[in-house]
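Take a look at the letters that make up each chain.
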Amino acid sequence: MNPSNPPLVVAVVEDDGPARTALGRLLRAVGFEPALFESAEAYIEASPAPLCAVVDVQLPGMSGIDLQHRLRAAGTATPIIVTTANHEAGIRERAEQNGCVSFFLKPVDGSALMTTIASLAHRSTH
Amino acid sequence: MGSRSYAALAFWLVLCAASSDAQPVVRQVLVLQSVDRGNLPIDRFTGNFRVDLGEGLETPVNITQISVATTGLVGAPDQAVVDYIRSSFADRAKPDLIVTIGGPASLFARKYRQRLFPDTPLLLASVDQRYLGDAPLGENESAVAVVNDFSRLVEDILQVLPETTQVFVVTGSGVIGQFWHRELENDFKRFHNRLTFIWSEDLTFQELLRRSASLPKHTAIVYLAFSTDAQGGAYADERVLADLQATANAPLFAGQSAFLGTGVVGGSMLSIDDLSRSTAEVAIQILNGAPASTVQVPPQLPGPPTFDWRELRRWNIPESRLPSGSIVRYRGPSLWREYRGTAITAAGALVIQSLLIVALLHQRRERQRAELESRRNLALAADASRRATMSALTSSIAHELSQPLSAMMYNAHALQLMVTANGAYSDTLGEILADIQTQGLRATQIIDRHRTMLRSRQLDKTPIDIHAVITESLALVAQDMAARQIETTVNLSAKRCVISGDQVLLQQVLVNLLMNAMDAVAETPPARRHITIRTDVRADDVEISVSDTGTGLPAELDGTLFTPFVTTKSHGLGIGLTIARTIIAAHGGTIDAYNNPNGGATFTVTLRNSAVTHALH
């Protein structure tokens, strides 16, 4: 990343406050600009255009999977990275069917997540 | 002041001195246990020891009991246990005596002796001589050791069942199991041309039951312990022995008196009662001031062979074969005494009498057979239920922990990047951050390991008729339903519905839903207590619903109904529906609940039709 460019925005849709704030800090420390949302509804209302969105599956109201579905139906090209603490069978398959670029089980390996986002940034700037 | 006042003052002073002398000193005893509750000999020993100690001491005694090893495969690190023990004495009197119970606790106490009150006398109790090894006892240490002679037990077996060719050894999988497998393999070498030994520490409990139900002829089972199975599940001797006795096709033998009466035939047994008594005596001497190293007792050996009369009969072992000096316990009434009344009444008619006896015996055998059969089914169901409970709990704990753990790891990572960027990095700071990350990773791995364990839990899937499962579940609760004056309507689809599933687990879900419905209508007037069970077999799936006319689902439970530990019942744990959901999810189905428009609630279970077609092919 070139420091003279404005930082790339990464959206985080996560209802757990401490996890959301902490992920925001990590993104900022790596050099991204975090945009934090506590629900899928809040994300849709703001309709941001981030580099990518890190979306939790279990959210109050609309789930992360539903959000993915909705964005895809609306033709939005934002890459979605899905995270979940829920390891019931079939969640990963459903996230992948809806076209997520990457899937992480919680607790998430921060380095791996940052590497994934950095590779998306790399792709988008080239 | 007159002489009388002086006398009064002196008297008062004497009184004061006397009362301060009488001020009882509470003795602090720290008991370090090898395993959590459930190990029968250790539980019996500990119970006795506490009573004997309390009775034998002049002063009151305060016992702090801590388990140093875990039941299961993954325990807390030793250092954490040491810290915990130290912290529990941080702001009160140090222990006057440390007593370890069992082998693993003795190893632990000796290993961490320097950090665990090195000036306090240490008594290693109920420990097999083999655990003490060659390391001599320290200055301030004493031991009440035992010699478990399992070779002698095997000789007893050969004497009462001379045709025995195989011995199935049950040790469980944890630290105790591993230790004894090693030791006994060596001890039993002398039987190599006569007996084959089968070891069992790589079996799950379910597998153990299955194996023991189909052992080859002329096999005997030697039971040592079973606190942990190969998957890390925790078990208690009493339940394991009851289930084993019901399912095993070979007789059980054990070498400790605590096991007599729980279904074992018998053998030369170490008396746990004697052991706890002599341990209490040693502990009392040390607490009364005797230096530990001067209070030494020889190791205790097994006592005379002791047998359970009922088991001797069950396995057709004549008493003439018992080793000389054997003791027979639990002797029941003889046939004659049992049926004397009958015999006298029928004295005039010998033919009738014999017919009667034959009939009674036949009935008795039938009843025994039926009891055995139902115990076997219950044992299997109970095990499945324990496993499901464990799965659901671990799964929900892993789930709850992963969220805060994520936050911690992100924070540590961010902090590391920030201090590096600001040039505020120091070696200590680096170490601290690296430690936080390493420990976070370790916690993550523990969660992952549990996930793998859950995934590896195989469902015992067979083609099952959903309607038959419903009918069986209803039969299980029928009596209770009638007693509670609840009417049922069963409205099953005319289409037959066979799916591939785990019968025991699905039955558990249905019974759970029925019991919940029964609890829900408890407040409803008897005339309106009604439960409806219906099925809807559709092209894609089958829906099973259980509706009641009860109080309905409270609004505050909305969204948390299937979360563990959420309950409306004063007597419930709140895990029934969590388990139900885990089971249904494992079958690829869903479970939902809603309130009925005209009162009461309905629970629906939907199982995918892919399972249906799959089963039919």
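One structure accompanies this document, and this report is about it. Per chain, the residues get numbers from 1 upward, laid out in the order the sequence is written. Think of it this way: whatever chain is written first is A, whatever ligand is written first is 1, and the rest follow in order. Note on the predicted model: pLDDT of at least 70 is required for a residue's local features to be given, and 80 or more for side-chain atom pairs to be given and counted; whole-chain, interface and lining totals, by contrast, use all residues. Side-chain descriptors were evaluated using all non-hydrogen atoms of the structure, hydrogens and water having been removed beforehand.

Digging into the overall build of chain A
When helices and strands are tallied, chain A shows 5 helices and 5 strands. Only runs of H or I of at least four residues qualify as helices and only runs of E of at least two qualify as strands under DSSP, and these elements are numbered from the N terminus. Each helix and strand of chain A, placed in order from N terminus to C terminus, yields the pattern β-α-β-α-β-α-β-α-β-α. Per-residue burial over chain A gives 48% buried out of 126 residues. Contacts: residue pairs with any heavy atoms within 4.5 Å of one another. Relative to all contacts within chain A whose residues are 6 or more apart in sequence, the contacts with residues 24 or more apart total 61%. For chain A, the exposed area adds up to about 6,000 Å²; of that, 51% sits on carbon and sulfur atoms. Any residue under 20% of the maximum accessible area for its type is buried, any over 50% is exposed, and the rest in between are partly exposed; the area is computed with a 1.4 Å probe on protein chains only. Note on areas: Shrake-Rupley with a 1.4 Å probe; residue coverage comes only from the protein chains shown.

A short note on the environment of Arg70 of chain A
All names here are of chain A. Counting through the fold element by element, Arg70 comes out in helix α3 (residues 64-73). Overall, the relative accessible area of 44% leaves Arg70 in the partly exposed class. Between the C-alpha atoms of Arg70 and Asn98, which are 28 residues apart in sequence, the distance is 9.6 Å.

Remarks on the sheet that holds strand β2 (residues 61-67) of chain B
Residue and element names in this part refer to chain B. DSSP bridges decide pairing: two strands pair if at least two such bridges lie between them. Here 5 strands make up an open sheet; going across it, the order is β2-β1-β3-β4-β5 and the pairing parallel. What marks the edges here is a single partner per strand, and that holds for β2 and β5 (141-146). Sheet twist, expressed as the average angle between the axes of neighbouring strands with direction ignored, equals 15°. Pairing of strand β1 (residues 27-33) with strand β3 (residues 97-101) involves 5 bridges; the strand directions are parallel. Residue pairing in the sheet places Gln33 in a bridge with Ile101 of β3. Geometry is summarised by axes, namely lines fitted to C-alpha atoms with helices restricted to the contacting stretch, and by angles between N-to-C directions that run from 0 to 180 degrees. With respect to the sheet, helix α2 (residues 40-56) is in contact with β1, β2, β3 and β4 (122-128), its orientation differing from that of β2 by roughly 165°. Across the sheet, helix α4 (residues 103-111) is in contact with β1, β3, β4 and β5; its angle to β4 comes to roughly 145°.

Considerations on the side chain of Arg529 of chain B
Residues and elements named next belong to chain B. Along the chain, Arg529 falls in the loop between α17 (503-520) and β16 (530-537). Look at Arg529: it is buried, it has no salt bridge, and the nearest opposite charge is Glu523 at 7.8 Å. The residues touching Arg529, leaving out its near neighbours within four places in the chain, are Arg484, Gln485, Ile486, Glu487, Val521, Ala522, Thr524 and Thr549. Lys and Arg are tallied as positive, Asp and Glu as negative. Neither His nor the chain termini are counted. Any carboxyl oxygen of Asp or Glu that lies within 4 Å of a side-chain nitrogen of Lys or Arg is treated as forming a salt bridge with it.

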